[in-house]
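Next come the chains, spelled out residue by residue.
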Number of protein chains: 4
Amino acid sequence: MEKSFAYEQLALLFAQMPFSQLLGIEITHLDGESARIHMPWRDDLIGNPQQRILHGGVISSLLDTVGGILAAASVVDKLDGEPLTSLKSRLATLSTIDLRSDYLRPGKGERFSASAVLIRSGNKVCVCRMELHNELGVQIAYGTGTYLVG
Amino acid sequence: MEKSFAYEQLALLFAQMPFSQLLGIEITHLDGESARIHMPWRDDLIGNPQQRILHGGVISSLLDTVGGILAAASVVDKLDGEPLTSLKSRLATLSTIDLRSDYLRPGKGERFSASAVLIRSGNKVCVCRMELHNELGVQIAYGTGTYLVG
Amino acid sequence: MEKSFAYEQLALLFAQMPFSQLLGIEITHLDGESARIHMPWRDDLIGNPQQRILHGGVISSLLDTVGGILAAASVVDKLDGEPLTSLKSRLATLSTIDLRSDYLRPGKGERFSASAVLIRSGNKVCVCRMELHNELGVQIAYGTGTYLVG
Amino acid sequence: MEKSFAYEQLALLFAQMPFSQLLGIEITHLDGESARIHMPWRDDLIGNPQQRILHGGVISSLLDTVGGILAAASVVDKLDGEPLTSLKSRLATLSTIDLRSDYLRPGKGERFSASAVLIRSGNKVCVCRMELHNELGVQIAYGTGTYLVG
């Protein structure tokens, strides 16, 4: 299987996750090095009605999602030309071990963009750094996620 | 204002948060020492369709929510008999500084229960420890949250 | 090899670590479920001269040390009757992936006690919760550590 | 008091901390935006004798130290021209709330350099990101620290 095709399949799998759909997440970039997702503002994602800002749980969900997609892509990156079925079995065991979210500024905006880069990439565990910005480029949060990948 | 009435008002405020309603969160206990919330399983909260388990973002949302409610209650606990309006202005500035989620077991179950206890309670910052269990008492996650309260 | 003997060997190995000796750490309990270490106060461990309290780095060192010892013991616990040499090769790859320290109260005291329990125990990764108390039972810090064990 | 003079005084205060001296830490840069410290290798900082690498606690100590110095400098940055005595009273209450260390690669090297940048700077709380490199520019660890500054 071509890597670029595998990344596309992966993006599709993650986009079809029920909770990603509930949040309105769209995957806009994915390869073995980095990932990016987007989500438009919606009133039912509000945490604090007086301030009209995203709930902290939505922010953590975006950070975990983009980190998890990249962790999965790092698995693809190491599977040279294996078939899609073996990818699926590898992904079935992929899971988040721990996640730290640092909330820097209120989650205000119309369209949010979360990105991830790999800072540790191993056969068993990988660690990603994530960032969340709004459409004006204001950084809302940082994240660090440790993922079990093998 | 009576403390027990203030806790009830607080629980109401949090239960009315749009994202809490989207997740189906119900607040079942709240005082100045501890908090507990519940959430029933729903298919649109799934993270991994093959495994039918909660999305990690849902788990972090539950942990952050129950910790945040307790952080707010700790503010009530220190406001002796002040009116509800002053509580509201204090709560407007309450926010999560950082959150760590430790995912221990797959999020399987029919009804989930998240609880929080205060481990550091200050005038400016408080720190909560959170746990998530399913209806069989299986622990799914741990959380630690640092909240700005003053 | 008997498990109890393996735990003793492990405690010996950790006690001989140069940095553990620099801090004056003593291992007082170890099995596959929990670990405990002690460290007496020393003036050169001070972080803040005006307050005469332990440096935050000393506190994190104690938390990481007791969690790491327990992570190692969890490996012993799964190696049924294998020889000491195979234990050593397993331990050579044991490492901390990430550590979170929550500083609850100033590090005052004459003798400090750090303990750890396993909250997730796997073949590749384990997660420990740690606590630090002084000789009066006052809790100074909480820790959470994720360790690569296989 | 001139800011540059205040930063120098601050660097001096931190360099004189007993535990910083025990580790051999030297402060090489400090202003309101960033900080940098150095530490030479020493055999008594070893965590794992077989691998001859820094103990994880030493790494966390370096991360916490450089983040803490920057948190203190951010206080100076907001005290316009106040005398040194008021700085000292502000610093007496400065403390680390929580610290996350991500260990990326073994702590090998002859001279280590830890740096910090502010990612959230408030009147009560600030959050720093830290990095640790060896003399070859290899990154050994990332850190995130939340500090109480007011």
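Residues numbered from 1 in each chain as written. Chains lettered and ligands numbered in written order. Predicted model: local features only at pLDDT ≥ 70, side-chain atom pairs only at ≥ 80, totals over all residues. Heavy atoms only, no water.

Per an unreviewed UniProt entry, chain A carries the name Thioesterase family protein and comes from Pseudoalteromonas qingdaonensis.

A word on helix 3 (residues 56-78) of chain B
Rules: Only DSSP runs of H or I with at least four residues qualify as helices, and only runs of E with at least two residues qualify as strands; both kinds are numbered from the N terminus onward. The length a helix should cover is 1.5 Å for every residue beyond the first. A simple rule labels every residue: compare its accessible area, found with a 1.4 Å probe on the protein chains alone, to the largest value its type can have, and call it buried under 20%, exposed over 50%, or partly exposed in between.
Over its 23 residues, helix 3 of chain B runs 34 Å from end to end, which matches the ideal 33 Å to within 8%, given 1.5 Å per residue. Of all 23 residues in helix 3 of chain B, 21 are buried, a share of seventy percent or more.

What about the sheet that holds strand 2 (residues 34-40) of chain C?
Stated precisely, the cut-off is as follows: If DSSP finds at least two bridges between two strands, the strands pair. Under this scheme, a helix contributes an axis fitted over its contacting stretch, all axes are lines through C-alpha atoms, and angles between N-to-C directions fall in the 0 to 180 degree range. Contact between two residues is taken to exist if any of their heavy atoms lie within 4.5 Å; hydrogens are not considered.
Taking strand neighbours across the sheet as the criterion, the 12 strands line up as 1(C)-2(C)-6(C)-7(C)-8(C)-5(C)-5(D)-8(D)-7(D)-6(D)-2(D)-1(D) in an open arrangement whose pairing is antiparallel. The strands lining the two open edges of the sheet, one partner per strand, are strand 1 (26-30) of chain C together with strand 1 (26-30) of chain D. Across this sheet, the average inter-strand angle for adjacent strands is 20°, counted without regard to direction. Inspection of the sheet shows strand 1 of chain D paired to strand 2 (residues 34-40) of chain D by 4 bridges, in the antiparallel sense. Pairing of D:Ile27 across the sheet is with D:Ile37, part of strand 2 of chain D. In the packing of helix 3 (residues 56-78) of chain C onto the sheet, contacts are made with strand 1, strand 2, strand 5 (95-103), strand 6 (111-121), strand 7 (125-134) and strand 8 (139-148) of chain C together with strand 5 (95-103) of chain D, and the angle to strand 7 of chain C comes to roughly 135°. Strands in contact with helix 3 (residues 56-78) of chain D are strand 5 of chain C together with strand 1, strand 2, strand 5, strand 6 (111-121), strand 7 (125-134) and strand 8 (139-148) of chain D; relative to strand 7 of chain D, the strand with the most contacts, it is inclined by about 135°.

Points about the packing of aromatic side chains
Here is the rule we go by: To pair, rings of Phe, Tyr and Trp, with the six-membered ring standing in for Trp, must have centres within 6.5 Å; the planes then decide the type, stacked if under 30 degrees apart, edge-to-face if over 60, and tilted in the middle. Both a distance and an angle decide whether a charge sits over a ring: NZ of Lys or CZ of Arg must be within 6 Å of the ring centre and within 35 degrees of the ring normal.
Under the definition given, this model contains 4 aromatic pairs over all chains. Taking the centre distance of 6.5 Å and the plane angle of 50° together, the rings of A:Trp41 and A:Phe112 count as tilted. Of this pair, A:Trp41 sits in the loop between strand 2 (34-40) and strand 3 (46-48) while A:Phe112 sits in strand 6 (residues 111-121), and the two are 71 residues apart along the sequence. Here the basic side chain of C:Arg129 rests over the ring of B:Tyr142, its NZ or CZ set 3.8 Å away from the ring centre.

Considering the pairing of strand 2 of chain D
Side-chain positions along a regular strand alternate between the two faces of the sheet. Residue and element names in this part refer to chain D. Connecting strand 1 to the antiparallel partner strand 2 that follows it, the hairpin turn spans 3 residues. Inspection of the sheet shows strand 2 paired to strand 6 by 7 bridges, in the antiparallel sense. By the bridge assignment for strand 6, Pro40 is matched with Arg111.

Topic: the interface of chain C and chain A
Heads up, the rule is: Accessible surface is computed with a 1.4 Å probe, and the buried area is the amount of it that two parts give up when combined, taken over both parts together. The salt bridge definition used is simple: a Lys or Arg side-chain nitrogen within 4 Å of an Asp or Glu carboxyl oxygen. Nitrogen and oxygen atoms within 3.5 Å of one another constitute a polar contact, given that in protein one can donate a hydrogen and the other can accept it, and given that sequence-neighbouring residues count only through two side-chain atoms. The nonpolar class holds Ala, Val, Leu, Ile, Met, Phe, Trp, Tyr, Cys and Pro. Asp, Glu, Lys and Arg form the charged class, and all remaining residues, Gly among them, are polar.
Listed by partner, the interface residues are 12 residues for chain C and 12 residues for chain A. Taking both sides of the interface into account, the surface hidden between chain C and chain A amounts to around 850 Å²; carbon and sulfur atoms contribute 54%. The three residues of chain C that bury the most area against chain A are C:Ile97, C:Arg120 and C:Lys124, which together make up 47% of that side's buried surface. At the junction of chain C and chain A, the tally comes to 0 salt bridges. Linking chain C with chain A are 4 residue pairs in polar contact (both at pLDDT 80 or more), by the criterion used here. Residue contributions to the side of chain C that touches chain A peak at 5 residues, all from strand 5 of chain C. Taken together, the residues that form the side of chain C that touches chain A break down as 4 nonpolar, 4 polar and 4 charged.

Quick notes on the sheet that holds strand 8 (residues 139-148) of chain B
The 12 strands lie next to each other as 1(A)-2(A)-6(A)-7(A)-8(A)-5(A)-5(B)-8(B)-7(B)-6(B)-2(B)-1(B), forming an open sheet whose pairing is antiparallel. The two strands at the open ends of the sheet, each matched to only one other strand, are strand 1 (26-30) of chain A together with strand 1 (26-30) of chain B. Between one strand axis and the next, the sheet turns through 20° on average, direction left out of account. Packed onto the sheet, helix 3 of chain B meets strand 5 (95-103) of chain A together with strand 1, strand 2 (34-40), strand 5 (95-103), strand 6 (111-121), strand 7 (125-134) and strand 8 of chain B and runs at close to 135° relative to strand 7 of chain B.

As for the relation of the copies chain B and chain A
To keep it simple, the criterion reads: Superposition of the copies was done by least squares, using only C-alpha atoms of residues whose pLDDT is at least 70 in both.
Superposing chain B onto chain A requires a rotation of 180° together with a translation of 0.0 Å along the rotation axis, leaving an RMSD of 0.0 Å. Between the two chains, the operation in question is that of a two-fold axis. Taking C-alpha positions as reference, the residue of chain B nearest the rotation axis is B:Arg100, located at 2.2 Å. A share of 100% of interface residues in chain B that are also interface residues in chain A marks the association as one of identical surfaces.

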